[in-house]
Amino acid sequence: MKNLLFILSLILIFQLTNTFAQDKSESVNNLVNTLKQKVLLSDDQTNSIQKVLNELITKSKSVEDKSEIIKEAQSKVESYLDKRQKMKYDIIKNDWWKQVQSVL
């Protein structure tokens, strides 16, 4: 009986972890799609920015002060943008990064 409860507990923990990871992945996709629509990103830029956000989420789990890794991610995202995109990005930047921080 104890083994059954233990196994059920493990299954529940695994399921919750899996659901949490899917939610984060979906949130990253939504954030990137929002930026793609507002700034008109290419597919390569979209993929690169998605990787940056996924790295940011991974790093944020092990860091208490997230400001440094967020600044690093911001500079990486901005490095993928051309001049015209950068002008559009500057308009939505603060709101978009607030959304990113809410995912962390």
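As a reminder, the structure under discussion sits directly above these lines.
Residues numbered from 1 in each chain as written. Predicted model: local features only at pLDDT ≥ 70, side-chain atom pairs only at ≥ 80, totals over all residues. Heavy atoms only, no water.

Colleague: I'd love a proper account of the overall build of the protein, names of residues and values included.
Modeller: The secondary structure content of the protein amounts to four helices and zero strands. Counting helices and strands in the order they occur from the N terminus, the protein gives α-α-α-α. Classification of the 104 residues of the protein by burial places 27% in the buried group. Partitioning the contacts of the protein with sequence separation of at least 6, the portion at a separation of at least 24 is 62%. (Helix = DSSP H or I, 4+ residues; strand = E, 2+ residues; numbered from the N terminus. Buried < 20%, exposed > 50% of the residue type's maximum accessible area, 1.4 Å probe, protein only. Contact = heavy atoms within 4.5 Å.)

Colleague: Hey, could you go over the packing of aromatic side chains for me, with residue numbers and the actual values?
Modeller: Applying the stated rule across the entire model yields one aromatic pair. Between Trp96 and Trp97, the aromatic rings sit 5.0 Å apart at their centres with planes inclined by 85 degrees, giving edge-to-face as the arrangement. Here Trp96 matches Trp97 in class, with each residue buried. (Phe/Tyr/Trp six-rings, centres within 6.5 Å; stacked < 30°, edge-to-face > 60°.)

Colleague: Please provide a residue-by-residue account of the packing of helix 2 (residues 43-60) against helix 4 (residues 83-103), values included.
Modeller: As a packed pair, helix 2 and helix 4 sit with axes 13 Å apart at the nearest point and diverge in direction by 30 degrees. The two elements helix 2 and helix 4 cross, and the hand of that crossing is right-handed. Contacts between helix 2 and helix 4 involve Gln45, Ile49, Leu53, Leu56 and Ile57 from the former and Gln85, Trp96, Trp97, Val100 and Val103 from the latter. When the residues that make up the contact of helix 2 with helix 4 are grouped by side-chain class, the tally is eight nonpolar, two polar and no charged. (Axes fitted to C-alpha atoms, helices over the stretch in contact; angles between N-to-C directions. Left-handed = near helix turned anticlockwise from the far one by under 90°. Nonpolar A, V, L, I, M, F, W, Y, C, P; charged D, E, K, R; others polar.)

Colleague: Go over unusual backbone geometry, please, and point to the residues and values.
Modeller: Of note in this structure, Leu40 is not a glycine but carries a positive phi near 65 degrees. With a relative accessible area of 55%, Leu40 lands in the exposed category.

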